[in-house]
Amino acid sequence: MSETKIKSLLEKPVKVVNVGLEGFSRELEQQGVRVVQVDWVPPAGGDPKLADLLSKLGT
Amino acid sequence: MSTVIVNDVRRGFYLDSVALMRFSRTISGLDGVEEAALMMGTPANREIMSDAGLLDDAGRAAEGGDLIIGIRAENKSSAERALAESKALLDQPTARDAEGVAWHPRTLRAALKQEPDASLALISVPGDFAIAEARKAIRRGLHAMIFSDNVDVQEEASLKQEARDLGLLVMGPDCGTAIVNGTPLAFANRVSRGGVGIVGASGTGTQEVSCLISQYGGGISHAIGVGGRDLAPEVGAISTLMAIDALDDDPATEHIVLVSKPPESDVAMSVLSRIGKSTKPVTICFIGAGEMQMPANAAQVFTLKDAARSALALGTDAVENAGAATIEVPKGRGRVSGLFSGGTLCAEAQVIFAAAGEDVTSNAPVPGVPKTDKGSEGHILLDLGADEYTRGKPHPMIDPSVRDEAMIEALKEKSVGVILADIVIGFGAHDDPAGHFAKLLQENATDICPAIVASVTGTEEDPQVRSSQIAKLEAVGVHVAPTNADAARWALSTMRARG
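Residues numbered from 1 in each chain as written. Chains lettered and ligands numbered in written order. Predicted model: local features only at pLDDT ≥ 70, side-chain atom pairs only at ≥ 80, totals over all residues. Heavy atoms only, no water.

**Side note on the overall build of chain B**
From N to C terminus, chain B includes 18 helices and 19 strands. On C-alpha atoms alone, chain B measures out to a radius of gyration of 23 Å, which is about the 23 Å that the 2.2 N^0.38 rule sets for 499 residues. By its C-alpha atoms, chain B is 65 × 60 × 40 Å across when sized along the principal axes. By residue count, 60% of the 499 residues in chain B fall in the buried class. At a minimum sequence separation of 6, the contacts of chain B that also span at least 24 residues come to 70%. When the 45 basic and 66 acidic side-chain charges of chain B are each reduced to a single mean position, those positions are 2 Å apart. (Helix = DSSP H or I, 4+ residues; strand = E, 2+ residues; numbered from the N terminus. Rg over C-alpha atoms; globule rule 2.2 N^0.38 Å. Buried < 20%, exposed > 50% of the residue type's maximum accessible area, 1.4 Å probe, protein only. Contact = heavy atoms within 4.5 Å. Lys, Arg positive; Asp, Glu negative; His and termini not counted. Charge placed at Lys NZ, Arg CZ, Asp CG, Glu CD.)

Here you go:
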């Protein structure tokens, strides 16, 4: 299974979700790469421990 | 006269670190301001601001989702003026607002509704939140590249284990460079496509090797970044081993290059054992390591330049030394001052100096090189991207002015005969680092200055265009070597010739 997923990453055109610095999105767009920019704000009111917990709970 | 500290906290107001660093620089430069920073109130950032003497009670009480304006000024009126200016900067419409750019999803989940076929999440949020975002990504079936640093190594290990179980690759944290199927991600260069696959635990190491391969007429299939600590014992090379598996299985890859700091012996054993099972030739550059027992299909090299040459079967390094003959150094000056923006470029220069038996120290020493201290008298090679220079500041590859202060100091220092520097271009990097460097030299030149030797890591296809960057340096008298390794050798041979 792992081989298939990584093989697919390496063989298909990369499509990116960019979470963070917008400059990376702009540069990818300029190269014709499909990219979705996430308008990210710190989750859980900016509490890293709570954000970590929420990510483990799948929210 | 007593200094004044003022803080203002905006609850639930987020701007990314690049924008905030730009604002911080503007406010710090105002009259009467000693120091200023605009930062998100994460625990790590609050510590940086506290250490810089920028926090009062309001700032100390801020939380991770709050933005803190911290100003230390000579007097109350300067502080108030700077605070008003900071608020005005934060309230100005962003470029995106002005352009009326379309709505962006606020979460990874929403982004995936918009682009269900996405294959990779590129994560560059503050380090405190990076693992949480990466975990969300892998649990939704995405590979992750984590540019963020300041992530706990145990959390890194646990994330990578989970990703491996899901069959997904995690590049990073602190992964600055990758090229996936021809797409440069974060800090990478537009290199030729070809048969060399790189596994890199070092961003600038991967950049130099991929650019030199391209320059020598070869090409890159993929460059998979793994993050600087992947080969640490806590992580056990999880991503490195997955990347080797992937490149071994990849029909486009004919030769694999591994670039990393020297791993500890258990990790090195498992990586070398996996490499020994590969059907492909492998070049290994553990920068700073001594000679190691290699599997039959692997060659060990000691410089980034040799990694590129070995990958293309060009044999070991022929020193391109022609430029050194013309370099003149002021009399009585015996030291080289290396001012690097790339950590692995600094490491490569140390390897060359140490192999030549030179007295050399560094703030980021490779094995066998002492750490620089106040009493260090020999050559000093500094990694200006190291934490002590970039805490709360941009990396010198993004903002070359981080090198200015050290450059001005080295230009004035009467014991310095040669300043050795790197210019790194490509995606993610500053749009004209050589122009900045040249301007600084012109503004600070004196009658008797050290010689300047540099190299430019990049390609003709990069947005900054390598030859144009070289021309700007040469126009102000910088001696530009073809590679970082050659620049180090030019600096050394110049000092020896005069000595």
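And the narrative resumes.
**As for the sheet that holds strand 4 (residues 120-123) of chain B**
Strand order in the open sheet formed by five strands is 2(A)-1(A)-4(B)-5(B)-6(B), and the pairing between neighbours is parallel. The sheet is open, and its two edges are formed by strand 2 (34-38) of chain A together with strand 6 (170-171) of chain B, each paired on a single side. The sheet contact formed by strand 4 of chain B and strand 5 (residues 143-146) of chain B spans four bridges and is parallel. Bridge pairing in strand 5 of chain B places B:Leu120 opposite B:His143. (Pairing = 2+ DSSP bridges.)

**Description of the environment of B:Leu345**
Residues and elements named next belong to chain B. Residue placement: Leu345 occurs in helix 13 (residues 343-355). Residue class for Leu345 comes out buried when judged on its relative accessible area of 0%. Residues Leu345 and Gln207, spaced 138 residues apart in sequence, show a C-alpha to C-alpha distance of 9.8 Å. Look past the residues within four positions of Leu345 in its chain and what remains in contact with it is Thr204, Glu208, Leu304, Phe340, Asp422, Val424, Thr457 and Asn484.

**Regarding the sheet that holds strand 15 (residues 360-362) of chain B**
Residue and element names in this part refer to chain B. Across the sheet, six strands lie side by side as 15-16-14-17-18-19; this open sheet has parallel pairing. Looking along the sheet, the strands with just one partner apiece sit at the ends: strand 15 and strand 19 (479-481). Shown here is a sheet whose adjacent strand axes are inclined to one another by a mean of 20°, direction ignored. With seven bridges joining them, strand 17 (residues 416-424) and strand 18 (residues 451-457) adopt parallel strand pairing. Bridge pairing in strand 18 places Val424 opposite Thr457. (Axes fitted to C-alpha atoms, helices over the stretch in contact; angles between N-to-C directions.)

**Re the pairing of strand 12 (residues 282-286) of chain B**
Residue and element names in this part refer to chain B. A large share of strand 12 lies buried, amounting to five of its five residues. Burial along strand 12 is two-sided: the face carrying Val282, Ile284 and Phe286 and the face carrying Thr283 and Cys285 are both buried. As paired strands, strand 11 (residues 255-260) and strand 12 are joined by five bridges and run parallel to one another. Bridge assignment links Ile256 to a residue of strand 12, and that residue is Val282. Chirality of the crossover, the property in question, places the unit of strand 11, helix 11 (residues 265-276) and strand 12 among those that are right-handed. (Right-handed = clockwise from strand over helix to strand, strands pointing away.)

**Here's the deal with the packing of aromatic side chains**
Scanning all chains against the criterion turns up five aromatic pairs over all chains. Centre to centre, the rings of A:Trp40 and B:Phe129 are 5.5 Å apart; their planes meet at 65°, and the pair counts as edge-to-face. One end of the pair, A:Trp40, is in the loop between strand 2 and helix 3 (48-56); the other, B:Phe129, is in helix 7 (residues 127-139), on a second chain. Taking relative accessible area as the criterion, A:Trp40 reaches 5% and is therefore assigned buried. (Phe/Tyr/Trp six-rings, centres within 6.5 Å; stacked < 30°, edge-to-face > 60°.)

**Notes on the pairing of strand 18 of chain B**
Residues and elements named next belong to chain B. In terms of burial, strand 18 is a largely internal element, seven of the seven residues being buried. With burial as the criterion, each face of strand 18 is covered, one bearing Ala451, Val453, Ser455 and Thr457 and the other bearing Ile452, Ala454 and Val456. Relative to strand 19, strand 18 runs parallel, the two being bridged by three bridges. Looking at the pairing, Val453 lines up with His479 of strand 19. The handedness of the strand 18 to strand 19 crossover, carried by helix 17 (residues 466-475), is right-handed.

**Digging into the side chain of B:His222**
Among the secondary structure elements, B:His222 is positioned in strand 10 (residues 220-225). A polar contact is formed between the side chain of B:His222 and the side chain of B:Asp250, at a distance of 3.3 Å. Here B:His222 is in contact with A:Leu10, B:Ile179, B:Val180, B:Asn181, B:Val196, B:Gly197, B:Ile198, B:Leu247, B:Asp250 and B:Thr253, once residues within four sequence places are set aside. (Polar contact = N/O pair within 3.5 Å; in protein donor to acceptor, adjacent residues only side chain to side chain.)

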